[in-house]
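Notes for the structure review
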Amino acid sequence: GNSVTQMEGPVTLSEEAFLTINCTYTATGYPSLFWYVQYPGEGLQLLLKATKADDKGSNKGFEATYRKETTSFHLEKGSVQVSDSAVYFCARKPNNNDMRFGAGTRLTVKP
Amino acid sequence: DTAVSQTPKYLVTQMGNDKSIKCEQNLGHDTMYWYKQDSKKFLKIMFSYNNKELIINETVPNRFSPKSPDKAHLNLHINSLELGDSAVYFCASSLNVAGDTGELFFGEGSRLTVL
């Protein structure tokens, strides 16, 4: 089937620590892959995306690379800030209109 | 101007009541969605409309009825509300044309509390 599995949280880090949130997907064909971020009390916002194998999406210091061979799209940031505290969602969208999200990973960054 | 706006933002009501949540997008998108987010932040798609036609209808109780009067609006009506309907409901839209990645744009959510 088509699904997204991401690392369970919560994740708690100190400021300036390195962040990795794992995400793997199953899909027929070659879906587009996304990371969305949800800050407290807000809706989801697109953080970054990649549309084909080996593409790297990046934004606000976050990066993720579309790895077809491992069906993964892990999110990384070299130095997190308190303001990065949020829930992060991995998502995949094949050619139909069916965007599917992972379960979300809550990140808390402490000063 | 807010791209995807939904009202009300908060809704508190009694079991058994009927309520509606409205959504409008001014992005010119042709596809709109309703998602339900539970207390553990899990997001589940409920419905999707493309140019006023229903294209995704997940296993949702028929107490939930979406209505799309035009492609800029997708409203959600819920009959006979139950405690388990308490959640945050998100409206979203996307442009689904060839070559577009179909990124979703979300509203700020409508928190429904059923007492």
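Residues numbered from 1 in each chain as written. Chains lettered and ligands numbered in written order. Predicted model: local features only at pLDDT ≥ 70, side-chain atom pairs only at ≥ 80, totals over all residues. Heavy atoms only, no water.

**Considerations on the overall build of chain B**
Inclusion rule: In DSSP terms, a helix is any run of H or I states spanning at least four residues, a strand is any run of E spanning at least two, and both are numbered starting from the N terminus. Atoms counted for the radius of gyration: C-alpha only. Globule rule: 2.2 Å times residue count to the power 0.38. Here the term buried applies to any residue with accessible area under 20% of the maximum for its type, exposed to any over 50%, and partly exposed to those in between, with areas from a 1.4 Å probe on protein chains only. Contacts between residues were defined by any pair of non-hydrogen atoms, one from each residue, lying within 4.5 Å. Only the protein chains shown count as cover for residues, and the accessible areas themselves come from Shrake-Rupley with a 1.4 Å probe. Counted as positive: Lys and Arg. Counted as negative: Asp and Glu, with His and the chain ends omitted from the count. We put the charge of a Lys on NZ, of an Arg on CZ, of an Asp on CG and of a Glu on CD.
What chain B contains, in helices and strands, is zero helices and 11 strands. Over its C-alpha trace chain B gives a radius of gyration of 14 Å, about what one expects of a compact globule, namely 13 Å for 115 residues. For chain B, the C-alpha atoms occupy an extent of roughly 45 × 30 × 25 Å along the three principal directions. Across the 115 residues of chain B, 45% fall into the buried class. Intrachain contacts of chain B at a sequence separation of at least 6 include 53% that bridge at least 24 residues. Element-wise, carbon and sulfur atoms account for 49% of the exposed surface of chain B, whose accessible area totals about 5,700 Å². Between the averaged position of the 12 positive side-chain charges in chain B and that of its 13 negative side-chain charges there is a distance of 7 Å.

**Quick notes on the state of the cysteines**
Let me state the cut-off plainly: Cysteine sulfur atoms that pair up within 2.5 Å are treated as a disulfide.
One pass over the full model with this rule turns up two disulfides over all chains. Linked covalently through their sulfurs, Cys23 of chain A and Cys90 of chain A form a disulfide whose S-S length is 1.9 Å. Linking Cys23 of chain A and Cys90 of chain A, the disulfide has an S-S dihedral of approximately -75 degrees and is accordingly described as left-handed. Here the residue Cys23 of chain A occupies a position in strand β4 (residues 23–26), and Cys90 of chain A occupies one in strand β10 (residues 86–93), the gap between them amounting to 67 residues. Across the pair, exposure class does not vary: Cys23 of chain A and Cys90 of chain A are buried alike. The disulfide bridge from Cys23 of chain B ends at Cys91 of chain B, spanning 1.8 Å between sulfur atoms. Disulfide Cys23 of chain B to Cys91 of chain B: torsion about the S-S bond roughly -80 degrees, handedness left-handed. In this pair, Cys23 of chain B sits in strand β3 (residues 19–25) while Cys91 of chain B sits in strand β9 (residues 87–94), placing the two residues 68 residues apart along the sequence.

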